[in-house]
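# Per-entry structural report
Each chain is listed here by its residues.
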Amino acid sequence: RRMSASDSTPTPPRDPAPAQPPALWRNLSFHVLWFSTFASGVGDRLIMNAALPMLGYPIDPREGDVEAASIQAGIQFFFFLPYMLWSPVAGFLADRLPRKWVMFTADEVRGLIVLWAVTLLPAGLTAVPEDHHWKVWGLILAVGVMAATFVPAKLSVVPNVVGLKLLP
């Protein structure tokens, strides 16, 4: 049936234009994500620095301990190894589970790892006995696994938090 001018029905309202995301400096979710990432990174580095004396790293660099470089290299190795091995699995989890909870859980487990680290250093000692160094290496590895879990979830949530229009 054709409509005459007098028999016109109102046209349905158009969909409103998609809301423009707020400017990045006003985006509270972005600031929370940024602060969370900052705190996680600082915590990781503090844990890695705390592991140095636990493994016998010399406090006075003039002592010339030949193992100092290998201790630093070992800490870096055990922290970044999970990025190569675990990140694909963590990315899979971040795609299938709520990313906010993946990030939250990774950070909370890191906190529990730090609490566990306190028990590694016996009272009165400045370093963990050599036969228990494996525990410190395991601690660094566990922190690396949680960091490698946090990063894929964080990277995949950025477009949702920032908005696609603000990304290059």
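The following refers to the structure shown. These numbers were taken from a predicted model, which means no experiment stands behind them. (Residues numbered from 1 in each chain as written. Predicted model: local features only at pLDDT ≥ 70, side-chain atom pairs only at ≥ 80, totals over all residues. Heavy atoms only, no water.)

## Structural notes on the pattern of salt bridges
Any two side chains of opposite charge can pair, given that their charged atoms come close. Quick reminder of the rule: Only one rule defines a salt bridge in this text: a Lys or Arg side-chain nitrogen within 4 Å of an Asp or Glu carboxyl oxygen. Helix and strand assignments follow DSSP, with helices taken as H or I runs no shorter than four residues and strands as E runs no shorter than two, numbered in order from the N terminus. Burial here depends on accessible area, computed with a 1.4 Å probe over protein chains only, as a share of the maximum for the residue type. Under 20% is buried, over 50% is exposed, and the range in between is partly exposed.
Tallied over the full model, the rule gives 3 salt bridges. Taking the shortest distance from any N to any O, the salt bridge between R110 and D44 comes out at 2.7 Å. Placement of R110 in helix α4 (residues 99-118) and of D44 in helix α1 (residues 28-54) is noted, with a sequence separation of 66 residues between them. Considered together, R110 and D44 belong to a single accessibility category, that of buried residues. For the salt bridge of R110 with D107, the shortest nitrogen-to-oxygen distance reads 2.7 Å.

## Quick notes on the packing of α1 against helix α2 (residues 68-85)
Our working definition: For helices, the fitted axis covers only the stretch in contact; all axes are lines through C-alpha atoms, and the angles between them, taken along N-to-C directions, range from 0 to 180 degrees. The handedness criterion is simple: a crossing whose near helix is rotated anticlockwise from the far helix by less than a right angle is left-handed, and one whose near helix is rotated clockwise is right-handed. The contact criterion used is simple: two residues touch if any of their non-hydrogen atoms lie within 4.5 Å. Residue type decides the class: Asp, Glu, Lys and Arg count as charged, Ala, Val, Leu, Ile, Met, Phe, Trp, Tyr, Cys and Pro as nonpolar, and the leftover types, Gly among them, as polar.
Viewed as axis vectors pointing N to C, α1 and α2 meet at an angle of 145°, and their least axial separation amounts to 10 Å. Viewed along their axes, α1 and α2 form a crossing whose handedness is right-handed. Residues D44, R45, M48, A51 and L52 of α1 touch α2, and the partners they reach there are I71, Q72, I75, Q76, F79 and F80. Its residues placed into classes, the contact of α1 with α2 shows 7 nonpolar, 2 polar and 2 charged.

## Section: the layout of surface pockets
Note the cut-off: Both cavities and pockets are sets of points on a 1 Å grid over the protein atoms alone; in a cavity a 1.4 Å probe fits but cannot get out, in a pocket the set is open with protein on both sides within 12 Å along at least five of seven lines, and lining residues sit with an atom within 4 Å of a point. Grid points are joined across faces, edges and corners, and a volume is the space filled by probe spheres set on the points.
One number sums up the size of the largest pocket: a volume of about 240 Å³. In terms of lining, the largest pocket is formed by S29, V32, L33, S36, K100, W101, M103, F104, D107, V157 and V161. Only α1, α4 and α5 (133-162) provide two or more residues apiece to the lining of the largest pocket. For the lining of the largest pocket, the element with the highest residue contribution is α4, accounting for 5 residues. Its residues placed into classes, the lining of the largest pocket shows 7 nonpolar, 2 polar and 2 charged.

## What about the side chain of K154?
Rule in force here: We score Asp and Glu as negative and Lys and Arg as positive, and we do not count His or the chain ends.
Counting through the fold element by element, K154 comes out in helix α5. One buried charge, K154, has no salt-bridge partner; the nearest side chain with opposite charge is D44, at 9.6 Å. Once you skip the residues sitting within four places of it in the chain, K154 turns out to touch L33, T37 and M103.

## Describing helix α3 (residues 87-96)
Going by this rule: Regarding the arc, it is the one traced by the directions from the helix axis to the C-beta atoms.
If you check which residues of α3 are buried, you get S87, A90, G91 and A94. Axial view of α3: buried residues confined to an arc of 105°, hence all on one face. Exposed and facing more than 90 degrees away from the buried side of α3 are P88 and R96.

## Looking at the packing of aromatic side chains
Rules: Between 30 and 60 degrees the pair is tilted, below 30 it is stacked and above 60 it is edge-to-face, where a pair is any two Phe, Tyr or Trp rings, Trp via its six-membered ring, whose centres lie within 6.5 Å. By definition here, charges over rings are those cases where NZ of Lys or CZ of Arg is within 6 Å of the ring centre and within 35 degrees of the ring normal.
The final tally for this structure, using the stated rule, is 7 aromatic pairs. Between F78 and W137, the ring centres sit 5.3 Å apart and the planes meet at 35°, which makes this aromatic pair tilted. With F78 in helix α2 and W137 in helix α5, this pair connects stretches of sequence that are 59 residues apart. Overall, F78 belongs to the partly exposed group, its relative accessible area being 25%. Linked through ring pairs, F77, F78 and W137 together constitute an aromatic cluster. A cation over a ring is seen here: R110 above F150, with NZ or CZ 5.2 Å from the ring centre.

## Looking at the nonpolar core
Basically, it comes down to this: In this text, buried Ala, Val, Leu, Ile, Met, Phe, Trp, Tyr and Cys residues form a nonpolar core when linked through side-chain atoms within 4.5 Å.
Judged by nonpolar contacts, the single largest core of 29 residues is most densely connected at I75, V136, L139 and I140. Broken down by secondary-structure element, the contributors of at least two residues to this core are α1, α2, α4 and α5. When residues no more than four places from it in sequence are discounted, the contact partners of I75 are M48, A51, L52, L55, W137 and I140.

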